[in-house]
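Residue-level structural notes
Below are the chains, spelled out letter by letter.
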Amino acid sequence: MQRVHTAASLIDAQLAADLLTSLGIPNHIFNVNAAGAIGEVPFINAQPEIWVADDAQAARAREILAGVADTHCDDERNCPHCKEPNPAHFLTCWHCGSALPD
Ligand SMILES: [Zn+2]
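Residues numbered from 1 in each chain as written. Predicted model: local features only at pLDDT ≥ 70, side-chain atom pairs only at ≥ 80, totals over all residues. Heavy atoms only, no water.

Before going further, it helps to spend a moment on the packing of aromatic side chains. Taken as a whole and judged by the stated rule, the model has one aromatic pair. Judged by centre distance (5.9 Å) and plane angle (80°), the ring pair of Phe-30 and Trp-51 falls under edge-to-face. With Phe-30 in strand S2 (residues 27–30) and Trp-51 in strand S3 (residues 49–52), the pair connects residues that are 21 residues apart, well separated along the chain. Residue classification places Phe-30 among the partly exposed positions, given a relative accessible area of 37%. Note on Trp-51: relative accessible area 24%, which makes it partly exposed. (Phe/Tyr/Trp six-rings, centres within 6.5 Å; stacked < 30°, edge-to-face > 60°. Helix = DSSP H or I, 4+ residues; strand = E, 2+ residues; numbered from the N terminus. Buried < 20%, exposed > 50% of the residue type's maximum accessible area, 1.4 Å probe, protein only.)

A word on the coordination of the zinc ion. Here the zinc ion is held by the protein donor atoms Cys-79 (SG), Cys-82 (SG), Cys-93 (SG) and Cys-96 (SG), which lie 2.3 Å from it. Between consecutive donors of the zinc ion, the numbers of intervening residues give the motif C-x2-C-x10-C-x2-C. (Donors = N, O, S within 2.8 Å, 3.2 Å for Na, K, Ca; no water.)

The next point concerns the confidence of the model for the protein chain. Considering every residue of the protein chain, the mean pLDDT works out to 84; 82% of them sit at 70 or more. By mean pLDDT, helix H2 (residues 58–73) is the weakest element of the protein chain at 77, and S3 is the strongest at 95. (pLDDT = per-residue confidence, 0-100.)

Attention now goes to the sheet that holds strand S1 (residues 2–6). Taken in spatial order, the three strands make up an open sheet running S1-S3-S2, and their pairing is antiparallel. One side of each edge strand has no neighbouring strand; the edge strands of this open sheet are S1 and S2. The mean inter-strand angle of the sheet, taken between neighbouring strand axes irrespective of direction, is 30°. Pairing analysis gives four bridges linking S2 to S3, with the strands arranged antiparallel. Within S3, the residue paired with Phe-30 across the bridge is Glu-49. Seen against the sheet, helix H1 (residues 10–22) touches S1, S2 and S3 and runs at an angle of roughly 170° to S2. (Pairing = 2+ DSSP bridges. Axes fitted to C-alpha atoms, helices over the stretch in contact; angles between N-to-C directions. Contact = heavy atoms within 4.5 Å.)

Structure below.
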């Protein structure tokens, strides 16, 4: 059994788990109930984690989930002022407030 992904939220974890399941990779989500403890325990200990039961499928699972993450990055652009990545539909930088170019 290997951890293949640490999700930012329970929704992300569920989407990742559903994707792996649909591709025939059995998996489990851990820390489902830990999100309520954020603020009381170190953040990284409370994030949902995807674990794959079969070690032989772990590499394939990481590949699949990395591909999903790459797709999200295509919809980002970096702020010309502070270089922070912003979602493509943002008009101003979330970080410094500078106007983003079209
Ligand atoms: Zn900025």
